[in-house]
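Commentary on secondary and tertiary structure
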Amino acid sequence: MKWKFILSATELSERGIKFKKLGNGNSLFDIKFKNGVMHIPTLKVNHDTDRILRNLFAYEQLDKGSSIVLDYARLMDCLINYADDVVLLSRCGIIENWLGSHEEVANMFNKINDYVYLSTANFYYS
C-alpha cells in the first residue's frame, strides 16, 4: 500500500512551494515549513543509507516509543517519487547523492517503507 499524504517535491514546486537547505548543525529531523518554504537539512544518500534507516525503523518499532526516523522516511518518500524530485532536492542542497543515479535514490525512497507498519497516529511532522 502506498501511503500518500503530501505531494512530491516537483508537484509542490509547481504550486509555488520552495525548498531550502536548513543550515549546518541542525538535526536531520528538524524540518520546518514557513511562508511557503520547506526547510530541510541535508541527507547524504549512499549505499548504507537504506540499511541504516531500516535498522532504525526496527529499533523504533521494537521500542514502541517515538517514530521520528520512520516518519522522516515517510515524508521523504512522499516528496521523492521520481528522479526529477531527487534532482530538485539535490539542487537545493537537501539531498547529497553518493548512491549514483537520481533514479536509484528515488527507488530507494519509494521502497523504504515496504513491509513496515505505517500508522497515521502521532505523525511527528503533523
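Below is a summary of the structure that appears in this document.

Analysis parameters
Residues numbered from 1 in each chain as written. Predicted model: local features only at pLDDT ≥ 70, side-chain atom pairs only at ≥ 80, totals over all residues. Heavy atoms only, no water. Helix = DSSP H or I, 4+ residues; strand = E, 2+ residues; numbered from the N terminus. Buried < 20%, exposed > 50% of the residue type's maximum accessible area, 1.4 Å probe, protein only. Contact = heavy atoms within 4.5 Å.

Our next topic: the overall build of the chain. What the chain contains, in helices and strands, is five helices and five strands. Scanning the chain from its N terminus toward the C terminus, one meets helices and strands in the order α-β-β-β-β-α-α-α-β-α. By the burial criterion, 41% of the 126 residues in the chain qualify as buried. A separation of at least 24 residues holds for 64% of the contacts in the chain among residues at least 6 apart in sequence.

A word on the side chain of Thr49. Checked against the element boundaries, Thr49 lands in helix α2 (residues 49-63). Overall, Thr49 belongs to the buried group, its relative accessible area being 8%. In this structure, Thr49 is in contact with Lys44 and Met108, ignoring residues within four places of it in sequence.

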